[in-house]
Amino acid sequence: MSELKLKDLYDGFRDPDTIKAYKKIIEEDAKKLEKPINIMEVCGGHTHTIMKYGIPQLLPENINFIHGPGCPVCIMPKERIDHAYILSLQEDVILVTLGDMIKVPGSNGSLQDARSKGADVRFVYSPLECIKIAQENPSKKVIFFAIGFETTTPMTAALIDTVVKQNIENIFFHINHVTVPEVMRELIDSRDEHVDSYNHQIDAFLGPSHVSVISGSKIYEEFPRDYNKPVVVAGFEPVDVMQSISMIVKQFIEKRCELEIEYKRLVSYDGNIKAQELINKYFEKISLFKWRGLGNIKDSGLKLRDEYSKYDAEVIYRDILPIGEIEDHKLCICGDILRGMASPPECTIFGTACKPSTPIGSCMVSSEGACAAYYKYGNLLQKK
């Protein structure tokens, strides 16, 4: 088997002629649909591909997108951002995290604000960079504020594995990893008394690509089986998205309801077994995890297993970390956007008070957020 190269993942998958060919196929098949269909792309990466390449313009009027909650920064509740903020201000702490977390506002401010107050906050591309930081600062406690879906969880698990095996004593963890199937289930069939999802408009799902590389497509079996919602696991490139839409439309006109994989060049049914084993070694499900705008979702988050509690920052610093719930800004409708009940332009502060330079809602903060996508690619919002 030849070695997979990076360019193999996108070469040909941005080809205009292929995109136009799928456009024609979808248009012809869509004429046979009995009713309009609403497809939720769960992943924020898909949202940006859809907006960047003007895919809504290419589709017939009876095929619509609903933008889901697949941005790990967007769904982080203020309570947990406050934890990061408070931890970062401890004089013996270096707080380390990934990417867009620096700008996400909590009730006290963002990590960027904490930095301006003298906090030692650092951002890394890989959690394993924490090891070098810890070695260079032996008198400090390095706390890794871990975020992300199944995609990034193995990297955190690999760091924990190294810390345990090398007996590194100054690295700790605040775990905020969440899982996809539970939130998909919640969007269809909410049981949270504060959130009404029964009037959802989801007919089918584009399954996340990178999540599925780790978990395998098997985690979506329940949706066609139990909820009559087709799932097609899609790659991130525009041809991937168009082909996946075509696959979903064909399921409807052929009266099928199945789990299918479009992204076969990386996704398998079983996924990465070694990564799954490493995750299960160090993590277990937490009974409830609060998602910003969605409320508490059962079994949707991970925590360190009890035998590793000496590395758990939530345990070590429990006396200073608040536990009360915090409401979002009253004018922000990120919750409705994350649930697919509204689109960003429907928000009264979208593009005015709330924009990437001055984000109020979480969907505008992250580069993967739906509001950020609409703001950046606003000229592509309307279908022809």
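Details of the structure are given in the entry above.
An account of the accompanying structure is given in this report. All figures in this text were calculated on a predicted structure; none of them were measured in a lab. (Residues numbered from 1 in each chain as written. Predicted model: local features only at pLDDT ≥ 70, side-chain atom pairs only at ≥ 80, totals over all residues. Heavy atoms only, no water.)

1. A word on the pairing of strand 6 (residues 171–177)
Working step 1: The buried fraction of strand 6 amounts to 7 of the 7 residues, a majority that puts the element mostly inside the structure.
Working step 2: Neither face of strand 6 is exposed, since Ile-171, Phe-173, Ile-175 and His-177 on one face and Phe-172, His-174 and Asn-176 on the opposite face are all buried.
Working step 3: The pairing of strand 5 (residues 141–148) with strand 6 spans 7 bridges and is classified as parallel. The partner of Gly-148 across the bridge, within strand 6, is His-177.
Working step 4: Once the chain exits strand 5 it traverses helix 7 (residues 153–165) before rejoining the sheet at strand 6, and the crossover so formed is right-handed. (Buried < 20%, exposed > 50% of the residue type's maximum accessible area, 1.4 Å probe, protein only. Helix = DSSP H or I, 4+ residues; strand = E, 2+ residues; numbered from the N terminus. Pairing = 2+ DSSP bridges. Right-handed = clockwise from strand over helix to strand, strands pointing away.)

2. Remarks on the pattern of salt bridges
Between side chains of opposite charge, a pair can form as their charged atoms come close.
Working step 1: In the structure shown here, the tally under the stated rule is 24 salt bridges.
Working step 2: Where Glu-34 meets Lys-255, a salt bridge forms, and the shortest distance between an N and an O atom there is 2.6 Å. Residue Glu-34 is found in the loop between helix 1 (16–30) and strand 1 (37–43), and its partner Lys-255 is found in the loop between helix 11 (238–253) and strand 9 (259–261); the two are separated by 221 residues along the sequence. Lys-255 shares its class with Glu-34; the two are exposed.
Working step 3: Asp-306 is the salt-bridge partner of Lys-303, the closest N and O atoms lying 3.2 Å from each other.
Working step 4: A relative accessible area of 55% places Asp-306 in the exposed class.
Working step 5: Where salt bridges share partners, they join Glu-254, Arg-256, Glu-258 and Glu-260 into one cluster. (Salt bridge = Lys/Arg side-chain N within 4 Å of Asp/Glu carboxyl O.)

3. Here's the deal with the nonpolar core
Working step 1: Ile-63, Met-101, Tyr-220, Ile-245 and Trp-291 are the most contacted members of the largest nonpolar core, which totals 92 residues.
Working step 2: For Trp-291, the residues in contact, after removing those within four places along its chain, are Pro-69, Ile-75, Phe-149, Val-178, Thr-179, Val-183, Ile-297 and Ser-300.
Working step 3: Listed in part, the 28 residues of the second largest apolar core include Leu-98, Ala-157, Ile-171 and Tyr-308. (Core = buried A, V, L, I, M, F, W, Y, C linked by side-chain atoms within 4.5 Å. Contact = heavy atoms within 4.5 Å.)

4. Points about the sheet that holds strand 2 (residues 63–70)
Working step 1: Spatial ordering of the open sheet is given by 2-1-7-8-9, a layout of 5 strands whose pairing is parallel. The open sheet terminates on both sides in strands that have one partner only, identified here as strand 2 and strand 9. With strand direction ignored, the average angle separating the axes of adjacent strands in the sheet is 20 degrees.
Working step 2: Bridge count between strand 8 (residues 231–233) and strand 9: 3 bridges; the pairing is parallel. Opposite Val-231, over in strand 9, you have Leu-259 as the bridge partner.
Working step 3: Most of the contacts of helix 2 (residues 44–52) go to strand 1, to which it runs at about 120 degrees, and overall it touches strand 1, strand 2 and strand 7 (204–207). (Axes fitted to C-alpha atoms, helices over the stretch in contact; angles between N-to-C directions.)

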